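Fold and contact review
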Amino acid sequence: MAFQLSSAGLAKVQMEMKRYETKESAIIPSLYIAQGENGGWVNVEVIRELSRVMDIPEARINEVFKFYTMFNQKPVGKYHVQVCTNISCSLEGGRELAKHLCKELNVKFEDVTPDGRFTISRVECLGSCGTAPMMQVNDKYYEKLTPEAAMNLLRGMK
Ligand code: FES
């Protein structure tokens with residue numbers, strides 16, 4: 001079945017469109033709203049729905065979608081673990097941390113664990129360089145991590 005925004009989602013998108021001078025400026029928040037309603041990822045159906053609702057060409061929405069890593073191009077687990085592997089975090093072990101989580105959970109980057117709980121991604125700077133290494137799990141930041149501390153945090157997420 002084709003993706004459709006809920007009435008609450010539609011109202012939020014319409015509110016975002018009024019918030020800015022041009023409706024194109026509302027593409028990012030609208031994609032975020034639609035992604036949330038589509039189980040955490042964006043597909044062609046989501047782009048089509050936003051194009052219809054916002055009256056913006058699909059290609060324009062697609063450009064924005066493809067540019068930002070905060071939008072997922074395939075399904076993710078209940079907990080989307082985004083480990084920063086940019087310079088400051090890498091210098092403090094961010095890459096090793098990301099690999100450790102994949103090894104412990106026996107999953108490849110960007111895949112979903114068989115129980116549907118986790119996806120591990122490597123991402124660019126999340127703006128918390130002073131507390132490297134760090135990761136974002138859904139909407140929360142976890143900082144100054146060791147591989148063991150990060151794994152313990154994930155074990156506590158049911
Ligand atoms: S380099 Fe990791 S938060 Fe900036």
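Residues numbered from 1 in each chain as written. Predicted model: local features only at pLDDT ≥ 70, side-chain atom pairs only at ≥ 80, totals over all residues.

**Quick word on the overall build of the protein**
Each helix and strand counted, the protein has seven helices and four strands in total. Shown N-terminal to C-terminal, the secondary structure of the protein runs as helices and strands in the order α-α-α-α-β-α-α-β-β-β-α. If you line up the protein on its principal axes, its C-alpha atoms span 45 × 35 × 25 Å. Looking at the 158 residues of the protein, the share that counts as buried comes to 25%. Within the protein, residue pairs in contact and separated by at least 24 positions form 60% of the contacts whose partners lie at least 6 positions apart. (Helix = DSSP H or I, 4+ residues; strand = E, 2+ residues; numbered from the N terminus. Buried ≥ 20, exposed ≤ 12 C-beta atoms within 10 Å, placed from the backbone. Contact = placed C-beta atoms within 7 Å.)

**Topic: the pairing of strand β1 (residues 79-84)**
Bridge count for β1 against strand β2 (residues 118-123) is six bridges, and the pairing is parallel. Counterpart to Tyr79 in the pairing with β2 is Phe118. As paired strands, β1 and strand β3 (residues 135-137) are joined by three bridges and run antiparallel to one another. By the bridge assignment for β3, Val81 is matched with Val137. (Pairing = 2+ DSSP bridges.)

**Comments concerning the environment of Pro114**
When you line up the elements, Pro114 lands in the loop between α6 (94-105) and β2. Judged by the 10 C-beta atoms lying within 10 Å of it, Pro114 falls in the exposed class. For Pro114 and Gly77, which are 37 residues apart along the polypeptide, the C-alpha to C-alpha distance reads 9.2 Å.

**Thoughts on the domain arrangement of the protein**
Per the domain assignment, the segments making up the protein are domain 1 (7-67) and domain 2 (79-155). Look at where the C-alpha atoms of domain 1 and domain 2 centre, and you get two points 27 Å apart. (Domains from an automatic or database assignment.)

**Focus on the environment of Ile33**
Inspection of the secondary structure assignment puts Ile33 in helix α2 (residues 27-37). Assessed through the 22 C-beta atoms surrounding it within 10 Å, Ile33 is described here as buried. Considered as a pair, Ile33 and Gly9 are 24 residues apart in the sequence and their alpha carbons are 6.5 Å apart. Setting aside residues up to four positions removed in sequence, Ile33 forms contacts with Gly9, Lys12 and Val13.

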